[in-house]
Amino acid sequence: MSQGMGGFGGLKPLQIIGDGAQPDGEQPLAAPVGSPVTTPSEEGRTEAKVIIVGSGPAGLTAAIYAARANLEPIVLGGYEAGGQLMITSEVENFPGFPEGIQGPELMDRMRAQAARFGALVLDVDVERVDFSRRAFRLWAGGVEYSAQAVIVATGASAMWLGLENETRLRGRGVSACATCDGFFFRDRKVIVVGGGDTALEEALFLTKYASEVVIVHRRDQLRGSRIMQDRALAHPKIRFVWNSQVIDVLGDDHVTGVRLRDTVTGEERDEPTDGLFVAIGHRPNTDVFRDWLEVDSKGYLVVHGGTGTRVEGVFVAGDVHDHRYRQAVTAAGDGCRAAIDAERWLAEHGLAERATATAW
Ligand SMILES: Cc1cc2nc3c(=O)[nH]c(=O)nc-3n(C[C@H](O)[C@H](O)[C@H](O)COP(=O)(O)OP(=O)(O)OC[C@H]3O[C@@H](n4cnc5c(N)ncnc54)[C@H](O)[C@@H]3O)c2cc1C
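It should be emphasised that the depicted structure is a prediction, and the values quoted were computed from it without experimental measurement. (Residues numbered from 1 in each chain as written. Predicted model: local features only at pLDDT ≥ 70, side-chain atom pairs only at ≥ 80, totals over all residues.)

**Q** Quick one: what's the story with the overall build of the protein chain, residue by residue and with numbers?
**A** When helices and strands are tallied, the protein chain shows eight helices and 19 strands. Look at the contacts in the protein chain between residues 6 or more apart in sequence, and 63% of them connect residues 24 or more apart. (Helix = DSSP H or I, 4+ residues; strand = E, 2+ residues; numbered from the N terminus. Contact = placed C-beta atoms within 7 Å.)

Below you can see the structure in the form of structure tokens.
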């Protein structure tokens, strides 16, 4: 999540890169995120049975499974190493951490776990791919990589308003995920920006916790489905502010309000709030795959039969196809499924031995 428990008073500093430290008494796992980045020239390996693109929860879980199945995966993890959880602080809903865990530390641990079993994780963006035939080819940082199977786990980026103070106060009252952060706003007032189904869903979800939910929309009518509109319009905790745009986020170390501009009159005013949920959509990171893989009307990858795609040997995991759940645990679960599917596919084609069944 974003805020520390118990409201803003308990905020923890936002940590961007974990230090790989383990709890007292435990041995550090291999290759924490904080250690120097391995470059292709140091490591030299550019061919693998499976290449995983993305190093968020989906990609790194796929890497753990693929590595334990002796597939010696290469992870081309992107410059946003660790994915979306690197920009949050407290994660309270990932199983196994009853006290919660900082997002960067969770990703640190996943990466160390993948490295421990032999995955090579490189912080490079894939710029181009050729899936016309096997071995599949991928280009990243000026280096050509090849693999018999590929798992795409490039996630989706939340769209933000693009305001300086919105970025500064992310994790300090500004969020893009009600499921993740709604809990921190018990009995508080929140503002949701947007007018589509996502915004209405986020607002309705937030009514479980917040004392008041204000939906700020730049037009005078909603874009969401009829049923969601009816529910939101009838909800006693939800209030609408029409024809308004958030032009600034107010607060020093946490959100205290937003500045609104009337899109008709141009008039500006401040609206106090404890939280700001930006719900104007997500952009799936699918640009480099569009020539080869099917995308839906919103640009998300289309999955066929489990985790497959229309290209045999190319699999998909996480938020890059899943715009319904968008959680770290569902992305991780998907990474596991994709790795097992890739392994089975490789085995069926005589390209690898089956190992997973005995590798628990
Ligand atoms: C502010 C915030 C707070 C959140 N809090 C929670 C929470 O408390 N609990 C929870 O369960 N979920 C939370 N989420 C949601 C969760 O982070 C996502 O559902 C999850 O990270 C999705 O995992 P993923 O691996 O599919 O994608 P991502 O985490 O988005 O990772 C995508 C990866 O792909 C890489 N990539 C992208 N393009 C390329 C490319 N061309 N080449 C190579 N690599 C590429 C990126 O570098 C990144 O490593 C939060 C999200 C946000 C934004």
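**Q** Tell me about the site of the ligand, and name the residues and values.
**A** Close to the ligand lie 44 residues, the nearest being Gly 56, Gly 78, Gly 83, Gly 155 and Gly 318. Put simply, the parts of the chain that give the shell around the ligand at least two residues each are helix 2 (57–68) and helix 8 (328–348). Looking at side-chain class alone, the shell around the ligand contains 22 nonpolar, 18 polar and four charged residues. Two domains each provide a minimum of three residues to the shell around the ligand, namely domain 1 (8–157 + 282–358) and domain 2 (160–278). (Near = placed C-beta within 6 Å. Nonpolar A, V, L, I, M, F, W, Y, C, P; charged D, E, K, R; others polar. Domains from an automatic or database assignment.)

**Q** So what's going on with the pairing of strand 12 (residues 212–216)? Residues and values would help.
**A** Where burial is concerned, most of strand 12 is hidden: four out of the five residues are buried. Taken together, the five bridges between strand 11 (residues 189–193) and strand 12 define a ladder with parallel strand orientation. The partner of Lys 189 across the bridge, within strand 12, is Glu 212. For the handedness criterion, the β-α-β arrangement of strand 11, helix 6 (residues 197–206) and strand 12 is classed as right-handed. Here strand 12 runs beside strand 13 (residues 238–241); their pairing, made up of four bridges, is parallel. When the bridges of strand 13 are listed, Val 214 appears paired with Arg 239. (Buried ≥ 20, exposed ≤ 12 C-beta atoms within 10 Å, placed from the backbone. Pairing = 2+ DSSP bridges. Right-handed = clockwise from strand over helix to strand, strands pointing away.)

By themselves, these figures tell us nothing about what the structure is for.
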